[in-house]
Protein chains: 2
Amino acid sequence: MNEDNARFCLLAGLILLYLLCGAAIFSALEHPFELRARRLWKQQLDNFTQRYRVNLGALHTLLRQYEEANGAGIRVDALRPRWDFAGAFYFVGTVVSTIGFGMTTPATIAGKIFLIFYGLMGCAATILFFNLFLERIITMLAYIMRWCHERRLRCAGVGVVSSREESSGEEDSLEDWKPSVYYVMLILCVASVVIACSASTLYSPMENWSYVDSLYFCFVAFSTIGFGDLVSSQRQQYESQEAYRLGNCIFILMGVCCIYSLFNVISIIIKQTLTWIVGKLVCSGRYPSCSCSRPGQKRFKRNTVQPISSRCPAGRPCYADGSVETVCDSETDAGAVADGVFAGRRLSGEMISVNEFTMSNKVSLALLQKQLSETAHQGPRQSYRHQNGFSGGVGALAIMNNRLQETSVDR
Amino acid sequence: MNEDNARFCLLAGLILLYLLCGAAIFSALEHPFELRARRLWKQQLDNFTQRYRVNLGALHTLLRQYEEANGAGIRVDALRPRWDFAGAFYFVGTVVSTIGFGMTTPATIAGKIFLIFYGLMGCAATILFFNLFLERIITMLAYIMRWCHERRLRCAGVGVVSSREESSGEEDSLEDWKPSVYYVMLILCVASVVIACSASTLYSPMENWSYVDSLYFCFVAFSTIGFGDLVSSQRQQYESQEAYRLGNCIFILMGVCCIYSLFNVISIIIKQTLTWIVGKLVCSGRYPSCSCSRPGQKRFKRNTVQPISSRCPAGRPCYADGSVETVCDSETDAGAVADGVFAGRRLSGEMISVNEFTMSNKVSLALLQKQLSETAHQGPRQSYRHQNGFSGGVGALAIMNNRLQETSVDR
């Protein structure tokens, strides 16, 4: 099993563990309430049948009919029509964004079949939209953070900047400055919280929800989970209805885009952590034949094309410089683009020639990026930073930074 | 507005149009049924109140209480307990996968707050899991398709293979062979249909759903929309219950992974189409100053580092070789890894030095990939293929192929 499969299995195992823990906690939190609700309903039903001398069977039939009517969007308190144009628009919005509240669902066979084909294209287009949005938001953040960094450098003294410029031999060392993934996560977190709080401030009075309920609704909607226990804009009448519906749409759109970006940035951090764990496990003796114990070794000569497989047994995880920081990180992240700065990457013996070519070029590229700001460096891999020759220019963090830098170019 | 922003806006506009059309169609399909359901429920309620002489107000109160009880998972016909461990596990599964059926939702404030933090990490981890799965499935498909291609070449005559090998100067020309995105989409489509049909064959008798309903449930669950109008494994008792629950979990997991991959592959095709449309629009005269009209021009000298900005006004869309095929496609696609074969890509004047470096290297890399199989070439950009110097090795399709080739290396 190579290192990437190990990481995949580790992730699957950790998610399973996470699910088991979550199930236990939710069970403990919610089970008492469920029992209470069940007792309460039994009591309410008994009261009603005794008071009005209704046959329980007939009442059950009525309640079953009510359940069916519920499915068609009918409630005791009048709700907005489900399938007028505005309602249908809200419905298709929840389909393509995969929120799927379920407050409105197709009931006819034609509607169900149409939904399958409609959703297939719609969801794919929306995924693309989210990814393009993600790229744009990262671009914007990178610009802003670069500007702040630039200003900080200027305040610290122009001499620092110019000496860095000279050492890199380029016009502007800041061209290679890339923001940290942790800062980006922090900013997205703050943005998400701001959007959720603003939205809750709107929802709470309009829907008569408590503030916590509103926040809960915001998270469930923005993360596209969409339980449907709380759904905004369902009543027949609101004050300034059109404005509220528009605001609702805009908040959901902004929230979904923001939380999607946040999820993807967090997933990259999770991946770095997994890579680090796997690297630790591998280096702690599972594969004693690999080069983990040689901290001074460098994988690549600068600017030369040198196949990696000649140094490392094919199909074997093998790390350079005793550090997972050099483990390449070129996998599919929705929020990230880069086929990675290859270094210390084991590749299976076949189908690697072109990759080796890219890899070598990229490593030389990585060396150009040495002046990566110290401030951009934080996280679990920090302690390894000075152990190898590519300090600051190679590794998962640098790749992430590279990704951010990649996207910071206006495309 | 540059070409990427144009594409983004075009996509947003098209999605809006798609939503409006969908809303109109769903409204037409479902509105009559809603009216019928409303009439039916009114009639049922009238019958009941007349027959049992129940005060309508009291009945409404009971129905409101029933709605609340519904929220806690109570139905007339006994459902499985919501918050025992198995139920809570199903619940957290729908949370982290963002399906969010809503058959079970936290009712306590503690549960709601915990959900926000639990979901944040869980959804991010699951997105990573889906992306790693996507990579693995594409890897597998690329291997299988390469094997088939290899066999076809052998059947056609070994001479063809060896001459290709010689022209590429590498050990095996098939190392550079990459499967077509359209084939990958087709295979994922077939796989999704097979999984959905198999799952429906299981659900249909177990849940007493019609086959169309089962297929509809499969799509809604697998695409993580999760309306919750139909939810599997909710009754208290099933034949061979444990096996059914396990099968349900496995089918949902497989289905979600497969449809996620399918969505991402479709989103790449949508993006290619958008790029093609934008390219068409740009070349048809909006930017007459660009080099569209010079079909023989080449952007890059082979293997040389040459800044693109020297030929093209900064911040302006500019295409080489009169072809959108040379438009770089290095954006964030969840299902794809590659910062792209840069060619004919306009970049804003700043922050491009390192990118130019990569770009030039990548173009030379792209030229190495000339022997890309003809069979892998299909799609909207086909007619442009022979107009430029990078035929088969550059452009959106080639990038997609490159991505597939990238992922076909066992990492």
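First, a word on what this report is: a plain description of the structure on this page. This structure is a prediction, so every number in the text was calculated from the model and none was measured. (Residues numbered from 1 in each chain as written. Chains lettered and ligands numbered in written order. Predicted model: local features only at pLDDT ≥ 70, side-chain atom pairs only at ≥ 80, totals over all residues. Heavy atoms only, no water.)

1. Quick word on the overall build of chain A
Argument step 1. A tally of helices and strands in chain A yields ten helices and zero strands.
Argument step 2. Helices (α) and strands (β) of chain A occur, in sequence order from the N terminus, as α-α-α-α-α-α-α-α-α-α.
Argument step 3. Expressed as a percentage of its 411 residues, the buried residues of chain A come to 61%.
Argument step 4. For chain A, the proportion of contacts with a sequence separation of at least 24, taken over those separated by at least 6, is 71%.
Argument step 5. By element, 62% of the accessible surface of chain A is carried by carbon and sulfur atoms, the whole surface being about 15,600 Å². (Helix = DSSP H or I, 4+ residues; strand = E, 2+ residues; numbered from the N terminus. Buried < 20%, exposed > 50% of the residue type's maximum accessible area, 1.4 Å probe, protein only. Contact = heavy atoms within 4.5 Å. Areas by Shrake-Rupley, 256 points an atom, 1.4 Å probe, with all protein chains shown as cover.)

2. Observations concerning the pattern of salt bridges
Argument step 1. Under the criterion given, the structure shown has ten salt bridges over all chains.
Argument step 2. Between Asp77(A) and Arg64(B) there is a salt bridge; the shortest N-O distance is 3.0 Å. Here the residue Asp77(A) occupies a position in the loop between helix H2 (56-71) and helix H3 (85-96), and Arg64(B) occupies one in helix H2 (residues 56-71), the pair thus bridging two chains.
Argument step 3. Classification of Asp77(A) as partly exposed rests on a relative accessible area of 39%.
Argument step 4. With its nearest N and O atoms 3.1 Å apart, the salt bridge here joins Glu135(B) to Arg136(B).
Argument step 5. The buried category is assigned to Arg136(B), whose relative accessible area is 16%. (Salt bridge = Lys/Arg side-chain N within 4 Å of Asp/Glu carboxyl O.)

3. Some thoughts on unusual backbone geometry
Argument step 1. Unusually for a residue other than glycine, Thr224(A) sits at a positive phi of about 65°.
Argument step 2. Inspection of the secondary structure puts Thr224(A) in the loop between helix H7 (211-222) and helix H8 (241-286).
Argument step 3. A relative accessible area of 10% means that Thr224(A) is categorised as buried.
Argument step 4. With a phi close to 60°, Ser233(B) is a non-glycine residue in the positive phi region.
Argument step 5. Structurally, Ser233(B) can be placed in the loop between helix H7 (211-222) and helix H8 (241-286).

4. As for the packing of aromatic side chains
Describing an aromatic ring pair means giving the distance of the ring centres and the angle of the ring planes.
All names here are of chain A.
Argument step 1. Applying the stated criterion across every chain, the model contains 38 aromatic pairs over all chains.
Argument step 2. Between Phe 48 and Tyr 52 the ring centres are 4.9 Å apart and the planes differ by 40°, which places this aromatic pair in the tilted class. Of this pair, Phe 48 and Tyr 52 are both found in helix H1 (residues 3-52), four residues apart, which corresponds to roughly one turn of the helix.
Argument step 3. Ring geometry for Phe 101 versus Phe 217: centroids 5.7 Å apart, planes at 20°, classification stacked. Here Phe 101, found in the loop between H3 and helix H4 (109-156), pairs with Phe 217, found in helix H7; they are 116 residues apart in sequence, far enough to count as distant. Across the pair, exposure class does not vary: Phe 101 and Phe 217 are buried alike. (Phe/Tyr/Trp six-rings, centres within 6.5 Å; stacked < 30°, edge-to-face > 60°.)

5. Topic: empty space enclosed by the protein
Argument step 1. On inspection of all chains with the given rule, the structure shows ten cavities of 30 Å³ or more.
Argument step 2. In this structure, the largest cavity spans a volume of roughly 380 Å³.
Argument step 3. For the largest cavity, the lining is made up of 28 residues, of which Thr98(A), Thr224(A), Tyr260(A), Thr98(B) and Thr224(B) are closest to its centre.
Argument step 4. When contributions to the lining of the largest cavity are tallied by element, the ones reaching two or more residues are H4 and H8 of chain A together with helix H4 (109-156) and H8 of chain B.
Argument step 5. In terms of residue count, the dominant contributor to the lining of the largest cavity is H8(B) (five residues). (1 Å grid on protein atoms, 1.4 Å probe; cavity = no way out; pocket = protein on both sides within 12 Å on 5 of 7 lines; lining within 4 Å. Points joined across faces, edges and corners; volume = space filled by probe spheres on them.)

6. Considering a nonpolar patch on the surface
All names here are of chain A.
Argument step 1. Residues Tyr 183, Leu 186, Val 190 and Val 194 make up a contiguous nonpolar surface patch of roughly 360 Å² in combined accessible area.
Argument step 2. Among the secondary structure elements, Val 194 is positioned in helix H6 (residues 181-207).
Argument step 3. Look at Val 194 and you get partly exposed, because its relative accessible area is 47%. (Patch = residues over 30% accessible without salt bridge, like charges linked within 9 Å, V, L, I, M, F, W, Y side chains within 5 Å.)

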